[in-house]
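So the chains spell out like this:
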Amino acid sequence: MVSKEKYEFARQRIEELLPIVDGYDPNTKEAVELALLSDIVIEYEKEYFPIEKPTVAELIANGLSEKEMTQKKLAEDLGVSPSRISDYINGKSEPSLKQASIICRVLGIHPAAMLGL
């Protein structure tokens, strides 16, 4: 377990090392130090600042936004009503596996993310 003090020191030192290491040989002592300190930061943040997996609703909403696609267009691609897409985005219901597969393909969402893996 990494202490907060080690974590804070590692973060500060990483900021100092980044300009030095950027674009240089990964075998230098600075690059090795940077890699080790990065591991400390990652370990601490996994424990104290875990990243939640996005919900199906968030995945669909983000996918629509990234593709600049309307709910109506996605509804047409799925063969459902726009209100059904709204239900997905608002978390009132979830798509069937077949619909989820199409949503993944249309919006460029990795299927594992849609399944919560």
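Check the entry above for the structure.
Residues numbered from 1 in each chain as written. Predicted model: local features only at pLDDT ≥ 70, side-chain atom pairs only at ≥ 80, totals over all residues. Heavy atoms only, no water.

Q: So what exactly am I meant to see when it comes to helix α6 (residues 97–107) here?
A: Residues spaced three or four apart along an α-helix point in a common direction, a consequence of the helix completing one turn every 3.6 residues. When we look at burial in α6, the residues that qualify are Gln 99, Ala 100, Ile 102, Ile 103, Cys 104, Val 106 and Leu 107. The inward-facing, buried residues of α6 abut α3 (56–67), α4 (71–78), α5 (82–89) and α7 (111–114). Positive backbone phi, approximately 70 degrees, marks Gly 108, located one or two places after α6. (Buried < 20%, exposed > 50% of the residue type's maximum accessible area, 1.4 Å probe, protein only. Helix = DSSP H or I, 4+ residues; strand = E, 2+ residues; numbered from the N terminus. Contact = heavy atoms within 4.5 Å.)

Q: Please explain the packing of aromatic side chains as it appears in this structure.
A: Working definition: an aromatic ring pair is given by the centre-to-centre distance plus the angle between the planes. In total, this model carries four aromatic pairs according to the counting rule given. With 4.0 Å between their ring centres and 20 degrees between their planes, Tyr 7 and Tyr 44 make a pair best called stacked. Separated by 37 residues along the polypeptide, Tyr 7 in helix α1 (residues 4–21) and Tyr 44 in helix α2 (residues 29–48) bring together distant segments of the chain. A network of ring pairs unites the aromatic residues Tyr 7, Tyr 44, Tyr 48 and Phe 49 as a single cluster. (Phe/Tyr/Trp six-rings, centres within 6.5 Å; stacked < 30°, edge-to-face > 60°.)

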